[in-house]
Amino acid sequence: MNAPVSVVATPSASISVRHDWHREEIAALFALPFNDLLFQAASVHRQHFDPNAVQVSTLLSIKTGACPEDCKYCSQSGHYNTELEKEKLMEVQKVLAEARLAKEKGASRFCMGAAWRSPRDKDMPYVLDMVRQVKEMGLETCMTLGMLSGEQAQSLSEAGLDYYNHNLDTSPEYYGKVISTRTYNDRLQTLSHVRDAGMKVCAGGIVGMGEDRKDRIGLLQQLANLPAHPESVPINMLVKIEGTPLADVADLDMFEFVRTIAVARIVMPESFVRLSAGRQEMNDEMQALCFFAGANSIFYGEKLLTTDNPDANHDQQLFQRLGIHPLDPRSECSDEATEEALLESVEAQQRASETAPLYYDANKRAAKHVLNKA
Ligand code: SAM
Ligand code: DTB
Ligand code: SF4
């Protein structure tokens, strides 16, 4: 047997935010004994976040199916016969009713997804209206509409969109095996438009598409070496869709999935890592391992975009059994709080508990964000 890699076997006191990750370093993390990797990831997680708080978002498909792109995993691509019922752009009032329901059930962010290559100009007024009105309800807003021009990103930002989701999906090397109708560079360009327009970036990928570990390493390297780490990093486990070219791909080892979460947590220590598609196929114990490895965000509600997600009652019970509470960024401070008072209270909490892990940075950031917007 090979000797274990020792370079990263013990958790360092604090992992700084880096944008110069080499593939060999990321590979060494993946190659650690499982317990060492999880210990390191959990330690990093505690330095930056409350380890028992999980952010919850609800998804809604606002335009379904007939997509011109050929993503080989997707139920919504017009290139494959998936027997999905197509739907035109949803009326604004219907979207608002769904957002209200999501809020009542406890979601703090509402994500709206459309099966588009990119939004057409004539769709934009409706989409902007959705952003404004969902935001007025007191929910954070997120959209995923495909590629964006700089102008489209700017107008979404001006309407108040908080997050834009656009995934790199896999490594640059494996990408061509999965999608041919848009390039990796197209995706990077959309991410830079989103960042330049002042919105927060949600970018991640899919595993279990038949890729090798080196592709998971390549994906995480790309994400971690972006000019700024995405605030949110969804790690999707492929949901196999009948009729798509990836319907019969071999299952990924579940421990490899947990390793991917753990390495994402270590290389992007301040990002929310979302345990995204594929939770329906995971048991509670597997999800608990993912939370321990640093996942701190989920999609909540019975549907993702077109596929099933665990039901909300089950998730509530799981949170209760694990002592996890949903994170609401707005509850971290009141509008009147000054940043100074907030930092003081954070420091007081740290002093009060010498043994407590220093997981307050994220709360401070969330609070500062609220203060800046107030
Ligand atoms: N059409 C837009 C786009 O692709 O940018 C937005 C919607 S698309 C469904 C958003 C993301 O969902 C994809 O980039 C992919 O990472 C993920 N996804 C789609 N189908 C999936 C599947 N069957 N299993 C896991 N993840 C999936
Ligand atoms: C992301 O990374 N995962 C979500 C969200 N971004 C839009 C979508 C998952 C889709 C899973 C397949 C479906 O329901 O169609
Ligand atoms: Fe279209 Fe998005 Fe599905 Fe690709 S992932 S086929 S772009 S809906």
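You'll find the structure just up there.
Computed from a predicted model, the values in this text were never measured in an experiment. (Residues numbered from 1 in each chain as written. Chains lettered and ligands numbered in written order. Predicted model: local features only at pLDDT ≥ 70, side-chain atom pairs only at ≥ 80, totals over all residues. Heavy atoms only, no water.)

Concerning the packing of helix H2 (residues 34-48) against helix H9 (residues 254-267)
Across the interface, H2 lies against H9 with an axial gap of 9 Å and an inter-helix angle of 35 degrees. Of the two possible hands of crossing, H2 and H9 adopt the one that is left-handed. Between H2 and H9, the residues in contact are Phe34, Leu37, Leu38, Gln40, Ala41, Val44 and His45 and Phe255, Val258, Arg259, Ala262, Val263, Arg265 and Ile266, respectively. Counted by class, the contact of H2 with H9 contains 10 nonpolar, two polar and two charged residues. (Axes fitted to C-alpha atoms, helices over the stretch in contact; angles between N-to-C directions. Helix = DSSP H or I, 4+ residues; strand = E, 2+ residues; numbered from the N terminus. Left-handed = near helix turned anticlockwise from the far one by under 90°. Contact = heavy atoms within 4.5 Å. Nonpolar A, V, L, I, M, F, W, Y, C, P; charged D, E, K, R; others polar.)

A short note on empty space enclosed by the protein
Inspection of the entire model under this criterion finds two cavities of 30 Å³ or more. Empty space within the largest cavity amounts to approximately 850 Å³. In this structure, the largest cavity is lined by 40 residues; those nearest its centre are Tyr73, Cys74, Gln76, Asn167 and Leu305. Contributions of two or more residues to the lining of the largest cavity are made by strand E2 (109-114), strand E3 (140-144) and strand E7 (232-237). (1 Å grid on protein atoms, 1.4 Å probe; cavity = no way out; pocket = protein on both sides within 12 Å on 5 of 7 lines; lining within 4 Å. Points joined across faces, edges and corners; volume = space filled by probe spheres on them.)

So, the packing of aromatic side chains
This model, assessed by the stated rule, comprises four aromatic pairs. Across the ring face of Tyr163, the terminal group of Arg109 is positioned such that the distance to the ring centre comes to 3.8 Å. Its guanidinium or amino end placed over the ring of Phe299, Arg274 lies 4.6 Å from that ring's centre, counting from NZ or CZ. (Phe/Tyr/Trp six-rings, centres within 6.5 Å; stacked < 30°, edge-to-face > 60°. Lys NZ or Arg CZ within 6 Å of the ring centre and 35° of its normal.)

Some remarks on the site of ligand 3
The environment of ligand 3 is made up of Cys67, Glu69, Cys71, Tyr73, Cys74, Ser77, Ala115 and Arg182. Split into classes, the residues belonging to the shell around ligand 3 amount to five nonpolar, one polar and two charged. (Near = heavy atom within 4 Å.)

Points about the pattern of salt bridges
Across all of its chains, the model carries 18 salt bridges by this definition. Where Arg321 meets Asp284, a salt bridge forms, and the shortest distance between an N and an O atom there is 2.8 Å. On the criterion of sequence distance, the pair formed by Arg321 in helix H11 (residues 312-322) and Asp284 in helix H10 (residues 284-292) is long-range, its members being 37 residues apart. Overall, Arg321 belongs to the exposed group, its relative accessible area being 59%. Overlapping salt bridges bring together Glu211, Arg213, Arg216 and Glu256 as one network. (Salt bridge = Lys/Arg side-chain N within 4 Å of Asp/Glu carboxyl O. Buried < 20%, exposed > 50% of the residue type's maximum accessible area, 1.4 Å probe, protein only.)

Observations regarding helix H1 (residues 23-30)
Taken together, the buried positions of H1 are Ile26, Ala28, Leu29 and Phe30. Residues of H1 that are buried make contact with H2, helix H8 (213-224) and H9.

Describing the pairing of E7
Burial within E7 is extensive, with six of its six residues counted as buried. Alternating residues of E7 divide into Ser232, Pro234 and Asn236 and Val233, Ile235 and Met237, and every residue in both groups is buried. For strand E6 (residues 205-207) and E7, the ladder comprises three bridges, and the chain directions are parallel. Paired with Gly205 across the two strands is Ile235, which belongs to E7. Between E6 and its parallel partner E7, the chain crosses via H8, and the hand of that crossover is right-handed. (Pairing = 2+ DSSP bridges. Right-handed = clockwise from strand over helix to strand, strands pointing away.)

What to know about unusual backbone geometry
With a phi angle near 55 degrees, Ala66 is a residue other than glycine that sits in the positive phi range. With respect to the helices and strands, Ala66 occurs in the loop between strand E1 (53-63) and helix H3 (92-104). In this model, Asp169 sits at a positive phi of 75 degrees, which is unusual for a non-glycine residue. Following the sequence through the fold, Asp169 ends up in the loop between strand E4 (163-165) and helix H6 (172-175). A residue is classified by how much of its surface remains accessible, and Asp169, at 2% relative accessible area, is buried.

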